[in-house]
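# Structure at a glance
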4 protein chains.
Amino acid sequence: MAKTKIGIGVIGMGWMGGVHSRAYRAVADRFPDCPLEAELVICADEVAARAREAQQRFGFARSATDWQAVIADPQVQVVLITAPNYLHLETALAAAAAGKHLLCEKPVGRSPAETAQIARAAQEAGVLTCTGFNYRWAPAVQRARQLIGEGKLGPLTHYRGRLFVGYASDPRSVLSWRLQREQAGMGALGDLMSHAIDMAMMLAGPVAKVVGQQETFIKERPVATPGQGDHYAVKSGGPMQEVSNEDYVGALVRFKGGAYGVLEACRIIQGPQSEIGFEVHGTQGSIRWNFERMNEFELYLAEEGAIDPGYRRVLTSPRHPFHGAFSPGAGIGLGYEDLKVIEAYNFLQSIASGIQGEPGFATVLAVAEVQDAIERSWKTERWEAVCSL
Amino acid sequence: MAKTKIGIGVIGMGWMGGVHSRAYRAVADRFPDCPLEAELVICADEVAARAREAQQRFGFARSATDWQAVIADPQVQVVLITAPNYLHLETALAAAAAGKHLLCEKPVGRSPAETAQIARAAQEAGVLTCTGFNYRWAPAVQRARQLIGEGKLGPLTHYRGRLFVGYASDPRSVLSWRLQREQAGMGALGDLMSHAIDMAMMLAGPVAKVVGQQETFIKERPVATPGQGDHYAVKSGGPMQEVSNEDYVGALVRFKGGAYGVLEACRIIQGPQSEIGFEVHGTQGSIRWNFERMNEFELYLAEEGAIDPGYRRVLTSPRHPFHGAFSPGAGIGLGYEDLKVIEAYNFLQSIASGIQGEPGFATVLAVAEVQDAIERSWKTERWEAVCSL
Amino acid sequence: MAKTKIGIGVIGMGWMGGVHSRAYRAVADRFPDCPLEAELVICADEVAARAREAQQRFGFARSATDWQAVIADPQVQVVLITAPNYLHLETALAAAAAGKHLLCEKPVGRSPAETAQIARAAQEAGVLTCTGFNYRWAPAVQRARQLIGEGKLGPLTHYRGRLFVGYASDPRSVLSWRLQREQAGMGALGDLMSHAIDMAMMLAGPVAKVVGQQETFIKERPVATPGQGDHYAVKSGGPMQEVSNEDYVGALVRFKGGAYGVLEACRIIQGPQSEIGFEVHGTQGSIRWNFERMNEFELYLAEEGAIDPGYRRVLTSPRHPFHGAFSPGAGIGLGYEDLKVIEAYNFLQSIASGIQGEPGFATVLAVAEVQDAIERSWKTERWEAVCSL
Amino acid sequence: MAKTKIGIGVIGMGWMGGVHSRAYRAVADRFPDCPLEAELVICADEVAARAREAQQRFGFARSATDWQAVIADPQVQVVLITAPNYLHLETALAAAAAGKHLLCEKPVGRSPAETAQIARAAQEAGVLTCTGFNYRWAPAVQRARQLIGEGKLGPLTHYRGRLFVGYASDPRSVLSWRLQREQAGMGALGDLMSHAIDMAMMLAGPVAKVVGQQETFIKERPVATPGQGDHYAVKSGGPMQEVSNEDYVGALVRFKGGAYGVLEACRIIQGPQSEIGFEVHGTQGSIRWNFERMNEFELYLAEEGAIDPGYRRVLTSPRHPFHGAFSPGAGIGLGYEDLKVIEAYNFLQSIASGIQGEPGFATVLAVAEVQDAIERSWKTERWEAVCSL
């Protein structure tokens, strides 16, 4: 099939910038049905060496140190914002104003209000949007969505979601931008819980109200050496500074559809490495999933088993959504970056059709509204309704 | 070692009455160090055939249909109350008044207030007490307690506890006494969450405040045929009646020691069969346990592993508390009833020493105070402090 | 139901003697349908203190230091031989000659030939027999047997069985009787592989031919201090002596029914604690089980799952054989000794009916014939047919 | 780093041809230290449409329908043979004769003798070689190799390896070339067991002798519709033909280093989907791995754990070999094709250095010698020494 080329520009060439570059380049091969073929036009990073190296490594036609060059590039039709959170607002508004389709990594705004501002701007500009809620694209998660949609679990009763990682578990790890409210906005609630909220709403529908709690367990950390913002860096001695956003957040949620839930996120946990997971329960069954074992899920159907009921461990296979684009069989697993390819494919499909897909900025805004209610509940110490922003 | 005999009377010879009878009889063999040897004196059940059958089956000297006979029996020094919840108040008060040491199955009172009343009466009578929080006696759980106490996990950060069973998951299962507020008091919060609260407090300390939510998913059920109160019975057709206590409860908790938690319980879940479990996290490690795999736990210690960190699956062994009384090696597992033997052993040790042990009515009262705060939060829709009752 | 009493005598009051004593005592309670009620008449152990302590602990009417007293006791109708292997021959022949029903712990003989001699004697005496292949009694294993018998797995294709324990993994652990050919006979092939062969034949039928290999990895060990035969004892320094039977055995087997198999056993393994398990495969499905998680099994049925095939983790429940005698629900597990109660129940049922049950000495003999062929193959270095002994 | 370009030609553009094309293209990005950059020069497939589609999809400069064009192409320095087994001999000999470096998918020859012929030809031609034993490249497997090499497990005692897949489990699946001796050569012994033997020897060293058994459970299958060779195709009705190579093979092995082993492979299994795994045991510990959960392994070290020994579930991370080229953290997993990128990287490194790496044709030949001994043992029904071919 002859494909139409579409120009891609990327702002921010840290690790995530590279992941997206690879992903967009891979779509045409992995998804032959996609009518668009991504062309890597320009990448930008304020660190010149990083920009140039990325250009060469991923095959961009050009590179720049100012993000404006990406947006101004006439060949660029789609802008991917993979820069740190504190750059999202300015870059996203500019890209939307320039009429570019727009992917911005989560959490789009540093605060719910900022996310709302960005979402509104994109909508007014009439551009198509996407965000990096990549875990939802795991074939197992999409299969869970199908099974729930088909009613196999019956009406949902309760839902338990979480995102547990330990990237800040070492007290000697430096105060990167992610740990500072001014630069990152929310802490675990933004960086991590956003994924958990997105997945919860995708599977169990919109949230009516919430009540939460939060803590910053490690109160201060070593100041980072300038130019070394890596949030894995570790440092002993030297000046310390206050961590200004939360390490942990837990919340009860009430879904509009009648289900009850618990959501948690933590960035200083010891044990789980990448436990992004859920258990979703209905009157007729349940499903469990954990990103640490991305290529499988556990399924319990009350109608099955008779004498021998139990959770079935299902390895994803080409029978499940998206799996077949990457692997010919069950038990032959996808890797993390394949989720980003699926994300890119879905965004390109949305652009090709002109129909806003999911998860766009409307989804991010819905997540931000839940975050906003959780934040309010921290102060009021009571249930808070999820309100439009 | 020559042992002193101590007379046991049991009120209520349903399944749980039998479990206790066996357990007390087994202590002398399993725990040769216990100076007391239980003598099964008298058992009572309002159903005469059940009382007589139990007498013969377990070897009681006599049986009765009125529980007063148990308390009045001069040979009875310890009364075990294993009757349905609605009989706890009257029997416990009478036993305490008669100066008998007293085990009452959880949840002692139908409501927190009733539990407080019973606990006060026992304290005033100066009798020693115990309750059936049996899951805490699993060697894996006691080992977790040791490890936390030794500081191996560092200061605790968060705790996740739950009790998920499906005994009422079938909508056709009858409206047993457990599902009616008047007879059972609380639903999942009393019957199930009590275990989860006890375990949470044993491992992570007292609770400062809570906020919860609850639901009765199956609103009405078939009326039970008189005399068939088994809560597993299923019935189609016939009159229906309202379920008057909750199927599900979830809560956020704040521990006094600084940790944060989530507790949940459900009696209509599909999938988990007996998922009584926790994950407890500290700054240096974590432990996971689930009663469905009672004889093992998972341990993560940040100090270990270097290049190869991970959760270690530990099979309990004679190196762990109580295990050696039942099994000569790791991987040679205990059964559920062995936990009751450990419970009985601990109560007899408490009686032998004259020192109130754990979990006595003070523990039950502490649990009830948390339940009371959760119930209040259902109405106020806000965090509620745990207060003395 | 009025039960008939039947007198039990036990020879050898080490750990295993106690396990049997408890088990026979528990049958009447656990299995009300059993018409016989075991009466503990007499126990014998050459160590007088051990005999007396056991008498008191388990409630035998009398005790002795000579095993002949057990067999001579007119009240004894059933003799349980739980003494070390080197006493099996003499005691079993005497018991059979005295017309007593007879349980002898596995491996009945030190060598296949000795087993054959004992089996013949019992058959000629017309007594009923039993042996301690206890792992086969796990509800999960019995359920596997049912499922295979019902054809749910289709014709069997291959079978993988094993028994991995580490009781001799420490090179400093002493040279107990189990590690000496003269006293124990075979090593891992007798002590451990016998269970694996029994289970394989119970599930997949008789074996036609075998080829095996073996090794004694730890060639010599500290000589045990007299009177301290415990095979867990550890000792440093002092004289060493040769280990005269094998630590490890592996074998390929060809079943008469057409399936293919692998069997292994090891007593010096590091990692598995009590990995007594199998995977059995047929053209339509498979089952996996491991004693370390005794109360569950994994079931794969090709006919199920459609889009979502997978192994189902089934927790045993009262719907499975024998489970309900010990536990009221799924996920409420049995302990190791409960398997011995089931064994005792089955032997008493056999005695009550007068019909030889399984596993009797005919089963042990069939196992011994496989062992004999494996031993021959060690020498001939080729496949050996399983022959009648 | 400025890289030197190296021309790649691929013969056979079925699924595996695509996998290699992607893999070689990805090396420069994933492994910046590699001095060579693969240039996709030419691909060939006898089906013209497939050749052209592959050219476009993967970006080859040209394509052809005759494999000779690949070898004749002066820009091609490395030939990858990913055609069906029956084409290996002719193509590999021609490539070697032309002085091209050469990767040939396993099993290189249809028979051990054919493999020996190819290996000799390559050696005489002085070209560097590689083969597709890709599972060995999983970071977990390479970490196992390191741990064994460092002596962490102590001297090895026994090893259990297997490759269980069900691609032919449906009796209606057609008689593809893989199931015919003339075209594929060996069945499960070649296609599957080759991986298991390679992994066993990489981890536990060379094999001294073997004894095996084999079976073709499904004796005949539907004849494939010409041009539809996919071994997943299913067909009902129509003519049937004999399956001429084995579905299952099991073997005992004796390693030269003193360890004992069991190896198995099956292509008609029901349950395991891609169970490519091993358990390797030494006197001080053990490691378990299964490709179905590729990104983790289980590690038992006797020196650890003290009171709490157990298998540690380790999620691979950038601390482990190759992982960091694909993922920034533990629990963020690689996919199957990433193993092929590692394979390509290693082959390019070998070419860059001029030093023959592993696994080259010498490794394949060593595997073939084990296969040859297994085949001999099928006929002689006895242990067979592994001999040079």
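Conventions used here
- Residues numbered from 1 in each chain as written.
- Chains lettered and ligands numbered in written order.
- Predicted model: local features only at pLDDT ≥ 70, side-chain atom pairs only at ≥ 80, totals over all residues.
- Heavy atoms only, no water.
- Helix = DSSP H or I, 4+ residues; strand = E, 2+ residues; numbered from the N terminus.
- Contact = heavy atoms within 4.5 Å.
- Least-squares fit on C-alpha atoms with pLDDT ≥ 70 in both.
- Buried area = accessible area lost by both parts, 1.4 Å probe.
- Salt bridge = Lys/Arg side-chain N within 4 Å of Asp/Glu carboxyl O.
- Buried < 20%, exposed > 50% of the residue type's maximum accessible area, 1.4 Å probe, protein only.
- Pairing = 2+ DSSP bridges.
- Expected span 1.5 Å × (residues − 1).
- Axes fitted to C-alpha atoms, helices over the stretch in contact; angles between N-to-C directions.
- Polar contact = N/O pair within 3.5 Å; in protein donor to acceptor, adjacent residues only side chain to side chain.
- Nonpolar A, V, L, I, M, F, W, Y, C, P; charged D, E, K, R; others polar.
- Phe/Tyr/Trp six-rings, centres within 6.5 Å; stacked < 30°, edge-to-face > 60°.
- Lys NZ or Arg CZ within 6 Å of the ring centre and 35° of its normal.
- Arc of directions from axis to C-beta.
- Parallel < 35°, antiparallel > 145°, perpendicular 65-115°, else oblique.
- Domains from an automatic or database assignment.

## Quick look at unusual backbone geometry
Cis geometry marks the peptide bond from E358(B) to P359(B); its omega dihedral reads -5°. Take P359(B): it is sitting in the loop between α10 (336–353) and α11 (361–380). Cis geometry is adopted by the peptide bond preceding P107(D), which originates at K106(D) and carries an omega value of -15°. A positive phi angle is found at E381(C), which is not glycine, with a value near 60°. Its location among the elements puts E381(C) in the loop between α11 (361–380) and β17 (384–385).

## Concerning the environment of V78(D)
All names here are of chain D. For V78, the position within the fold is in strand β4 (residues 78–81). Residues V78 and T129 lie 51 residues apart in sequence; the distance between their C-alpha atoms is 9.3 Å. Once residues within four sequence positions are removed from consideration, V78 is found in contact with I6, G7, I8, G9, H101, F347 and I351.

## Looking at the relation of the copies chain A and chain C
By a simple turn and slide, chain A fits onto chain C: the slide is 0.0 Å along the axis, the RMSD is 0.0 Å, and the turn is 180°. The two molecules are tied by a two-fold rotation axis, judged by turn and shift. Among all residues of chain A, the minimum C-alpha distance to the rotation axis is found for R312(A), at 2.0 Å. Both copies present the same face, since 100% of the interface residues in chain A are matched by interface residues at the equivalent positions in chain C.

## Points about the interface of chain A and chain B
Taken residue by residue, the interface counts 45 residues in chain A and 45 residues in chain B. Carbon and sulfur atoms supply 52% of the area that chain A and chain B bury against each other, a total of about 3600 Å² over both sides. When the buried surface of chain A facing chain B is broken down by residue, Q213(A), Q270(A) and E381(A) rank first, second and third, together holding 20% of it. Across the contact surface, chain A and chain B share eight salt bridges.

## Examining the pairing of strand β11 (residues 248–255) of chain C
All names here are of chain C. When you tally the buried positions in β11, you get eight out of eight residues, the bulk of the element. The two faces of β11 match: Y248, G250, L252 and R254 on one face and V249, A251, V253 and F255 on the other face are all buried. Counted along the chain from β11 to the antiparallel partner strand β12 (residues 260–266), the turn is four residues long, and its residue G258 has a positive phi close to 110°.

## Digging into helix α10 (residues 336–353) of chain D
All names here are of chain D. Given a rise of 1.5 Å per residue, 18 residues ought to cover 26 Å, and the 27 Å separating the end C-alpha atoms of α10 matches this to within 8%. Burial analysis of α10 places 14 of its 18 residues in the buried class, the great majority of the element. Downstream of α10 by one or two residues, G354 has phi in the positive range, about 75°.

## What about the sheet that holds strand β3 (residues 62–64) of chain B?
All names here are of chain B. Strand order in the open sheet formed by six strands is β3-β2-β1-β4-β5-β6, and the pairing between neighbours is parallel. The sheet is open, and its two borders are formed by β3 and β6 (129–131), each paired with just one other strand. For this sheet, the mean inter-axis angle between neighbouring strands, taken without regard to orientation, is 25°. Together, β1 (4–11), β2 (36–44), β4 (78–81), β5 (101–104) and β6 form the strand contacts of α10, whose direction differs from that of β5 by roughly 160°.

## Description of the interface of chain A and chain C
On the side of chain C, 19 residues touch chain A, which itself brings 19 residues to the contact. In this assembly, chain A packs against chain C so that about 1500 Å² is buried in total across both faces, 42% of it on carbon and sulfur atoms. Interface area lost by chain A to chain C is led by I307(A), D308(A) and R312(A), which between them contribute 40%. Our enumeration of links across chain A and chain C arrives at four salt bridges. Residues R312(A) and E304(C) are paired through a salt bridge, measuring 3.8 Å at the closest nitrogen-oxygen approach. Scanning the region where chain A abuts chain C turns up 12 residue pairs in polar contact (both at pLDDT 80 or more). Broken down by secondary-structure element, the contributors of at least two residues to the side of chain A that touches chain C are α6 (139–149), β15 (296–301) and β16 (311–315) of chain A. Counting residues per element, the side of chain A that touches chain C draws most heavily on β16(A), at five residues. For the side of chain A that touches chain C, a count of residues per class yields nine nonpolar, three polar and seven charged. Pairing analysis gives three bridges linking β16(A) to strand β16 (residues 311–315) of chain C, with the strands arranged antiparallel. In the strand pairing of β16(C), Y311(A) is matched with R313(C).

## Some details on the packing of aromatic side chains
Counted under the stated rule, the structure contains 72 aromatic pairs over all chains. Considering the side-chain rings of Y135(D) and Y336(D), the 6.4 Å spacing of their centres and the 45° angle between planes classify their relative orientation as tilted. Here Y135(D) is found in the loop between β6 (129–131) and α6 (139–149), whereas its partner Y336(D) is found in helix α10, with 201 residues between them in sequence. Of the two residues examined, Y135(D) and Y336(D), each falls in the buried class. In this structure, R254(A) packs its charged tip against the face of W383(A), placed 4.7 Å from the ring centre. Stacked on the ring of Y311(C), the Lys or Arg R288(C) has its end atom at 3.6 Å from the ring centre.

## Quick notes on the sheet that holds strand β1 (residues 4–11) of chain C
Residues and elements named next belong to chain C. Spatially, β3-β2-β1-β4-β5-β6 is the arrangement adopted by the six strands of the open sheet, whose pairing is parallel. Edge strands, defined here as strands with exactly one partner in the open sheet, are β3 (62–64) and β6 (129–131). Adjacent strand axes in the sheet meet at a mean angle of 25°, parallel and antiparallel pairs treated alike. In this structure, strand β2 (residues 36–44) lies alongside β3, joined through three bridges in parallel fashion. Within β3, the residue paired with I42 across the bridge is R62. Across the sheet, helix α10 (residues 336–353) touches β1, β2, β4 (78–81), β5 (101–104) and β6, and the angle it forms with β5 is around 160°.

## Observations concerning helix α2 (residues 48–58) of chain B
Burial in α2(B) covers these residues: A51(B), A54(B) and F58(B). Each buried residue of α2(B) lies within a common arc of 65° when the element is viewed along its axis, so the set occupies one face. Exposed and facing more than 90 degrees away from the buried side of α2(B) are R52(B) and Q56(B). Close packing links the buried residues of α2(B) with α1 (15–30), β2 and β3 of chain B together with α1 (15–30) of chain C. Once α2(B) finishes, G59(B) follows within two positions and takes phi at roughly 85°, a positive value.

## Topic: the packing of helix α6 (residues 139–149) of chain B against helix α9 (residues 193–204) of chain B
All names here are of chain B. In contact at an axis separation of 9 Å, α6 and α9 are set at 30° when each is read in the N-to-C sense. By the criterion of interaxial angle, the relationship of α6 to α9 is roughly parallel. Side by side, α6 and α9 meet where V141, Q142, A144, R145 and I148 of the first sit next to M199, M202 and L203 of the second. The residue inventory of the contact of α6 with α9, partitioned by class, reads six nonpolar, one polar and one charged.

## Topic: the domain arrangement of chain A
Residue and element names in this part refer to chain A. Here the domain parsing of chain A yields domain 1 (4–134) and domain 2 (136–380). Facing the 45 residues of domain 1 at the interface are 46 residues of domain 2. Taken over both partners, the interface formed by domain 1 and domain 2 buries close to 4000 Å², and the fraction arising from carbon and sulfur atoms is 71%. Taken as a group, F31, F133 and N134 account for 21% of the area that domain 1 buries against domain 2, more than any other trio of residues on that side. Summed over the shared surface of domain 1 and domain 2, the number is three salt bridges. A salt bridge links R22 to E337; the shortest N-O distance between them is 2.9 Å. Here domain 1 and domain 2 share 17 residue pairs in polar contact (both at pLDDT 80 or more) between them. By residue number, the principal contributor to the side of domain 1 that touches domain 2 is helix α1 (residues 15–30), which donates 10 residues. Residue classes in the side of domain 1 that touches domain 2 are distributed as 30 nonpolar, nine polar and six charged.

## What about the relation of the copies chain A and chain B?
Applying a rotation about an axis and a shift along it to one chain copy brings it onto the other copy. Each copy of the sequence occupies a distinct position, and chain A is placed on chain B by a rotation of 180° and an axial shift of 0.0 Å, giving an RMSD of 0.0 Å. Mapped onto chain B, 100% of the interface residues of chain A again fall at the interface, so both copies present the same surface.

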